[in-house]
Amino acid sequence: MLEQPILLASHNAGKLAELQQLFAQYSISLQGYTSQLAPIPFGLEGGDYWQNATSKAAQVAVLTSLPVLGDDSGIDLAAFPNEFGVYTGRTLARQAVAANTYLLARLRDNPQRQITLHSYLVLQIGHRLVRAHGSLTAQVALQEQGQLSGGFDRLVYIPELGATLAELPALQRAHYSQRGRAVAALMQQI
Ligand SMILES: O=P(O)(O)OP(=O)(O)OP(=O)(O)OC[C@H]1O[C@@H](n2cnc3c(O)ncnc32)[C@H](O)[C@@H]1O
């Protein structure tokens, strides 16, 4: 078990908040790397998920002796199998509207609403790399539902529960969410 805090190599505040809450369930402190270091421009994400997460962690790990976590995430939509994936962040960043507004518009009147969300985590501890993947396959709701978390969670409807991720309390959400599952898989290895 880790005694030291982990630094998150990310500029995404929502990702930091979600991962902080998940690691807190294991009594591990996660901090944004900019709490200790000056911000660095991460190089362009040109690889697959694993390569991107490894690269983010490595760019911070050379600057600190603390363990560093990189996360690369994305979605697959069954209705658009050749889009999104590892390019999700870049695709959504190009849109003039918020991510959820864009997804609802793309899927308007489309009965094929299956979504798979992925989180790829790479934890660099010295020279050791620990890798974990988590995913969730669900349905895109017809409108945002739930206030207990934000972002995609309000659209990710889990039929077996009759609820979106954003309608679940944090502990239950961690059991289902892609990042919750990735963190659980990571914790089994450290
Ligand atoms: O690389 P870092 O700095 O960590 O931050 P990022 O936002 O670029 O992170 P990713 O490369 O992992 O891209 C994932 C993208 O997926 C999108 N995303 C993931 N989860 C989301 C959520 O819950 N709500 C809205 N968008 C989400 C969002 O566009 C992210 O930018």
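Residues numbered from 1 in each chain as written. Predicted model: local features only at pLDDT ≥ 70, side-chain atom pairs only at ≥ 80, totals over all residues. Heavy atoms only, no water.

Caption draft 1: Looking closely at the site of the ligand. The immediate surroundings of the ligand are formed by 14 residues, with Ser 10, His 11, Lys 15, Lys 56 and Phe 152 found nearest. Lys 15 has a polar side-chain atom sitting 2.7 Å from an oxygen atom of the ligand. In the environment of the ligand, an oxygen atom lies 2.9 Å from a nitrogen or oxygen atom belonging to the backbone of Ser 73. When isolated, the ligand has an accessible area of 600 Å², and the protein chains bury 78% of it. Considered class by class, the residues forming the shell around the ligand number 2 nonpolar, 7 polar and 5 charged. (Near = heavy atom within 4 Å. Polar contact = N/O pair within 3.5 Å; in protein donor to acceptor, adjacent residues only side chain to side chain. Areas by Shrake-Rupley, 256 points an atom, 1.4 Å probe, with all protein chains shown as cover. Nonpolar A, V, L, I, M, F, W, Y, C, P; charged D, E, K, R; others polar.)

Caption draft 2: View of the pairing of strand β5 (residues 128-140). In this sheet, β5 lies alongside strand β4 (residues 114-125) in antiparallel orientation, the contact comprising 12 bridges. Bridge assignment links Tyr 120 to a residue of β5, and that residue is His 133. Counted between consecutive antiparallel strands, the loop separating β4 from β5 contains 2 residues, among which Gly 126 sits at a positive phi close to 60°. For β5 and strand β6 (residues 156-158), the ladder comprises 2 bridges, and the chain directions are antiparallel. Considered in β6, the bridge of Gln 139 is made with Tyr 157. (Pairing = 2+ DSSP bridges. Helix = DSSP H or I, 4+ residues; strand = E, 2+ residues; numbered from the N terminus.)

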